[in-house]
Amino acid sequence: KVMQIQKHVQAYRPIAKHAHDIIHDREKKLKGKKMRDDKEKVMEILFSLFEKHQFYNIKDLAEETRQPMNYLKQILNEVCNYNVRPPNRNMWELKPEFRHYKAEKETKKAAESDSDSD
């Protein structure tokens, strides 16, 4: 059966920009674009991050350093090892020659003070 429509049917247009999209765009503009910083500066940031935790995901490092992903990977390949096996799969870790943690420095100072007292 065909029905005849007596009055106008209200049609709603879809919303192109939702409220959460607008808020996200504002926050993104405030942060600005990711620019390549000096390599030494990025390495200092990485070393300070690796003092807090031993393993990091690439997304976390990119967010903390605010560097482009490709540039960050170039630097990470020089100073870090990428773990492909569990338990730390897909995580970056400092190479042994770059691991100079604060605890080691304190033990070295204590060893030096013991040798001075002889």
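Model, not experiment: these values are computed from the prediction.

Draft legend 1. Just the sheet that holds strand S1 (residues 55-56), in detail. Here 3 strands make up an open sheet; going across it, the order is S1-S3-S2 and the pairing antiparallel. Edge strands, defined here as strands with exactly one partner in the open sheet, are S1 and strand S2 (80-83). Of the pairings in the sheet, the one linking S1 to strand S3 (residues 91-94) comprises 2 bridges and is antiparallel in character. Across the sheet, the residue bridging to tyrosine 56 is tryptophan 92, located in S3. Against the sheet, helix H2 (residues 39-52) contacts S1, S2 and S3, and its axis sits at roughly 100 degrees relative to S3.

Draft legend 2. Structural detail: the packing of helix H3 (residues 58-65) against helix H4 (residues 69-79). Contact geometry of H3 with H4 gives a least axis separation of 10 Å together with a crossing angle of 110 degrees. By the angle class used here, H3 and H4 are roughly perpendicular. In this structure, H3 contributes Ile58, Leu61, Ala62 and Thr65 to the contact, and H4 contributes Met69, Leu72, Lys73 and Leu76.

Draft legend 3. Seen up close, the packing of aromatic side chains. Scanning all chains against the criterion turns up 2 aromatic pairs. A ring pair is formed by phenylalanine 50 and tyrosine 56, whose centres lie 5.3 Å apart and whose planes are at 90 degrees; its orientation type is edge-to-face. In this structure, phenylalanine 50 and tyrosine 56 share a single accessibility class: buried. When the centroid spacing of 5.0 Å and the interplanar angle of 55 degrees are considered together, the rings of tyrosine 82 and tryptophan 92 count as tilted. You can see tyrosine 82 sitting in strand S2 and its partner tryptophan 92 sitting in strand S3, a full 10 residues away along the chain. Assessed through its relative accessible area of 40%, tyrosine 82 is described here as partly exposed. The exposure class of tryptophan 92 is buried, given its relative accessible area of 6%.

Draft legend 4. Here's a closer look at the pattern of salt bridges. Following the criterion strictly, the structure yields 2 salt bridges and no others. A salt bridge links lysine 17 to aspartate 25; its shortest N-O distance comes to 3.9 Å. By relative accessible area, which is 55% here, lysine 17 ends up exposed. The closest approach of N and O atoms between lysine 39 and glutamate 78, which form a salt bridge, is 2.6 Å. In this pair, lysine 39 is assigned in helix H2 and glutamate 78 in helix H4, connecting sequence segments 39 residues apart. Lysine 39 gets classed as partly exposed once you look at its relative accessible area, which sits at 30%.

Draft legend 5. Structural view of a positive patch on the surface. A contiguous patch of positive charge on the surface is contributed by Lys28, Lys31, Lys34 and Arg66. With respect to the element layout, lysine 31 can be found in helix H1 (residues 19-31).

Parameters and conventions
The residue numbers shown here count from 1 along each chain, following its written sequence. Note on the predicted model: pLDDT of at least 70 is required for a residue's local features to be given, and 80 or more for side-chain atom pairs to be given and counted; whole-chain, interface and lining totals, by contrast, use all residues. Hydrogens and waters are ignored; side-chain quantities use all the structure's heavy atoms. Strands are labelled as partners when DSSP assigns at least two bridges between them. The numbering of helices and of strands both runs from the N terminus, where a helix is a DSSP run of H or I of at least 4 residues and a strand a run of E of at least 2. Should any heavy atoms of two residues lie within 4.5 Å, those residues are counted as being in contact. Axis definition: a line fitted to C-alpha atoms, limited for helices to the stretch in contact. Angles are taken between N-to-C directions and run from 0 to 180 degrees. Working rule for angles: under 35 degrees goes down as roughly parallel, over 145 as roughly antiparallel, 65 to 115 as roughly perpendicular, anything else as oblique. For Phe, Tyr and Trp, where Trp contributes only its six-membered ring, two rings pair if their centres lie within 6.5 Å, and the inter-plane angle classes them as stacked under 30 degrees, edge-to-face over 60, or tilted in between. The buried label applies to any residue whose accessible area, calculated with a 1.4 Å probe on protein chains only, is under 20% of its type's maximum; exposed applies above 50%, and partly exposed to all values in between. Think of a salt bridge as a Lys or Arg side-chain nitrogen and an Asp or Glu carboxyl oxygen that are within 4 Å of each other. The patches described consist of residues with a relative accessible area above 30% and no salt bridge, like charges being joined within 9 Å and nonpolar side chains (Val, Leu, Ile, Met, Phe, Trp, Tyr) within 5 Å. Only the protein chains shown count as cover for residues, and all accessible areas are computed by the Shrake-Rupley method using a 1.4 Å probe. Neither His nor the chain ends is counted toward charge; the positive residues are Lys and Arg and the negative residues Asp and Glu. Note on charges: their place is set at NZ of Lys, CZ of Arg, CG of Asp or CD of Glu.

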